[in-house]
Each structure stands twice: as structure tokens, then as C-alpha cells.
Amino acid sequence: MGALRRLLSQLAVLASLGLCACNNPGVTVLHDPLYRASPHVSTITATGVDSKDGIDSVSITVTIGTLTACNNGGFTPSLIPCRTAAFQFGRECIFSHEKGPAVCRFPLRLGDRSLVTYTATARNSRGSTAKTTPITYAAGAPLTQATIHVVFFDITVPWETARPVWWHTDLPLGQTAPDKIDVGFFPDADWGTNYQGFTDGLQVIALGSFFNDTNPFSNFYRFWKNEFNLWAGPAGGNGEDSCVRSLSGAASTVSGAVDGKAIVHQAAFRDCSDIALGGLGTSQSTLTDAAWVFTHESGHFLHGLGDEYQGGGNGNVSDPANTWTSQSACQTAAPGLGLTASQCAQIGTTGFWHVDDGGVTTMRDRDLASDWRTASGLAVGRRMSKCAGGACY
Ligand SMILES: [Zn+2]
């Protein structure tokens, strides 16, 4: 298309928008703590940004109810929670053309088995608004039983659901929710009865991987955070050195509700993961680079990527492959992916090959400046595109 035609089409787009070169406000929102299994004060913080026109208002709307199993009283209770006794309220913070971040905080005192959904809206001085999609999270002690109906009898049975930490829901709850990559975090046996220690560890990993880190390794997941749901599971995980890991009991049952699973542990041992589209891995929350390690492991258990260093698991089930078993296979595949065949390099002396563009890559380099590169970047990008298109796997 010629430059003139391009200009005309851009003008046509501007005209259809009312020829307004104006700026729309932005808004972000997050609750803190992400999940805690005892009564606590949870603070929802929404930030409106419009450095040109200024923010006049930031509001937070909240729906709170009691977490229960769906189909409570039917034959099979659900692993994904429902809500009863819901009521809605909100808070509006007023500003006067605030051109810096306009921060609105809403503290909520939450009891056991709470289920909270919130949205935030920012309005600028010209009346334009931005709104977040609804996020649902659980708080307080989890559900421990459900009622099932057998013939003429209602029987109470032990029952646990997945506890949403960051769950994209439509309102009202119970309608079909958009498909996301569902990540489940499960406590390792090394927390003993200290479930809150596990939830604090989960918070370190989740905040650093999806929300508030500023290093390159987390750029991708922070940008795509709305394609993920994060869940906490009940006790029953166990990881050990030498890549031993398992989920049993309620943890195993609840794991059926998620795609990828991470056992969060505090003791030091080398982390491992299935190389699978929805596998099980381990992640140590007490490392200073815990979020990087989780992100690397998720490359294995969410995207099926192979390690790009010698001494890991170099096979893959990713789309596209990020490792090949010969130089010629790598060189054949690379041009079709927009990659450079001459950058095909052997991974040490493993007999596996990858495309090495010289940058630090999350499937090889334990470095906060790493990112998803070459074929691994394409594979993670394709997964996100599928998710945004409505079917993650
Ligand atoms: Zn690895």
C-alpha cells in the first residue's frame, strides 16, 4: 500500500473515531494478599492513569458471598467453587484531574469461605472510562464438606474445592467463563501444618511471575496475565530431590480442575517438571529468584518446552519444537519459523540442537534478564494466541 493510501486510511480511522486525538485512561487492579486461608483484611488497590487529561475518579465494585461447591445437594459436587448469599457494594475515590497515578484502596474484612469478585473503573476529566475484567478470589478457611443427594437422603461428605487466587469470571458467577491457562499451586509436605507459610510462598511466586516484577524474564507473563487463572490447592503435594514429585488425596482430586500444577516447597532441592502440556512440577518459594525458577519450570509443564542446557531434559512436546535431535532437523525447521538456520547450535554434547541467537533465554540461563527467545518464544506466543482465541489447549 502506498504512503498516501496508508495516510488516507489512517485518517478514515481517525474520522470514524470522531477525529479525536485524545487519550484514554488506563486502570489496573489487584488484591492483597492473593490468598490467605484464615480471616483477614484484604485490600483491593486500583490505580487509574491518564497523564494527559488527568483522572477524576477510580471506583471498585465488589461482590462478596460464601464459597460453596456447585451442585451442592446433587450427586457430584464441583471442584470449581460457586457462591451463595452474594451481595454487592463498592467504593469511589474522587480526584481532580490527577495526572499522576490515582490510587484507590478498598480494604475488606473477610471471614472463612469468602468468595470475592471485583472490577475497577477509572474515569478521566473528559468522561472517558477504562474498566477491568472481573477477577474472583477466595479467602479464609476453605470448604471442607459438601452435601450430596443419594436416593432419598442428603449426606454430608468431606469435600474440598480449588481455591481461586486470580480467576477470570463473568458475572454472575456460574456462567461459562472464558478459557484460560489454569495453574494450580499445591503445598509440599515440607510445610507440615503451616498452610499459611505455603500461601505466603505462593504469593512470592505469583507476584513475581505475573504482577509486580520488573525484570525481563517476567515481561511475557505480566503482559499476558489475563490469559491465566491461578489456583491454590489443598495439602497432598510432595516433592523431593532427584525429581521425585506427586499429588495425593484431595490435592490429586483438585488437580483435575487445572492445567499445569506446581508443588510449592521451602526446603532446598533441585526443581523438576514434566515436559508436558499440563504437567506437574516443583517450585521453591524461598529462593531469591523463586519467580524465575517457577517461570522456567512452567516452560516445561505448561508449554512442553525442553531445556536448552546440558544436564536438563532436552526433549520437548512444544509447538513449535524448541529442540531438535540433529543439526539438519534444526536447520530445516528454522527458516519456516522465521529463525536463522546458521544459528542452529548443539546443546553441549547432548545430541540435541537449538537456535541460539546469543541472547539469555529462560530455558537455559538462570538470569533475571532472560526471556523466551527463538523457538521457545514462538511456542509460548502460540499458546497465548490460542488462549486469546478461546481455547488454550
Ligand atoms: Zn528445566
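Residues numbered from 1 in each chain as written. Predicted model: local features only at pLDDT ≥ 70, side-chain atom pairs only at ≥ 80, totals over all residues.

As a further point, take the nonpolar core. Soluble globular proteins tend to pack their nonpolar side chains together in the buried interior. Of all hydrophobic cores here, the largest spans 67 residues; its most connected members are Tyr137, Val165 and Leu202. When residues of this core are assigned to domains, at least three map to each of domain 1 (23–164) and domain 2 (178–393). When neighbours within four sequence positions are excluded, Leu202 is seen to be in contact with Leu34, Tyr35, Phe185, Ala232 and Val264. Ranked by size, the runner-up nonpolar core spans 17 residues in total, among them Leu339, Cys344, Ala379 and Val380. (Core = buried A, V, L, I, M, F, W, Y, C linked by C-beta atoms within 7 Å. Buried ≥ 20, exposed ≤ 12 C-beta atoms within 10 Å, placed from the backbone. Domains from an automatic or database assignment. Contact = placed C-beta atoms within 7 Å.)

Bringing the domain arrangement of the chain into the picture now. Domain assignment breaks the chain into domain 1 (23–164) and domain 2 (178–393). Between domain 1 and domain 2, the C-alpha centre-to-centre distance is 28 Å. Between domain 1 and domain 2, the contact holds 16 residues from the first and 19 residues from the second.

What follows deals with helix H2 (residues 195–211). Each turn of an α-helix holds 3.6 residues, which means side chains three or four residues apart point in the same direction. Compared with an ideal rise of 1.5 Å per residue, which puts 17 residues at 24 Å, H2 spans 23 Å between its outermost C-alpha atoms and is within 8% of the ideal. Every buried residue of H2 is listed here: Phe198, Thr199, Gly201, Leu202, Ile205, Ala206, Gly208, Ser209 and Phe210. (Helix = DSSP H or I, 4+ residues; strand = E, 2+ residues; numbered from the N terminus. Expected span 1.5 Å × (residues − 1).)

We now examine the sheet that holds strand E2 (residues 40–49). Read across the open sheet, the 3 strands follow the order E1-E2-E5; overall the sheet is antiparallel. Because the sheet does not close on itself, it has two edges, and the strands there are strand E1 (26–32) and strand E5 (102–110). Averaged over all neighbouring strand pairs, the angle between strand axes comes to 15°, with direction disregarded. (Pairing = 2+ DSSP bridges. Axes fitted to C-alpha atoms, helices over the stretch in contact; angles between N-to-C directions.)

Here we come to the pairing of strand E17 (residues 280–284). The two faces of the sheet receive side chains in turn, since in a regular strand these alternate between them. The element E17 is extensively covered by neighbouring structure, given that 5 of its 5 residues are classed as buried. Going residue by residue along E17, you find Leu280, Thr282 and Gln284 tucked away on one face and Gly281 and Ser283 tucked away on the opposite face as well.

Our focus in this paragraph is helix H7 (residues 374–388). In a regular helix each residue adds 1.5 Å, so 15 residues correspond to 21 Å; H7 covers 21 Å between its end C-alpha atoms and thus fits that length. All buried positions along H7 are accounted for by Thr374, Ala375, Ser376, Gly377, Leu378, Ala379, Val380 and Arg383. Tucked into the core, H7 has its buried residues touching helix H3 (219–223), helix H5 (290–301) and strand E19 (353–355). Backbone geometry just after H7 places Gly390 at a positive phi near 115°.

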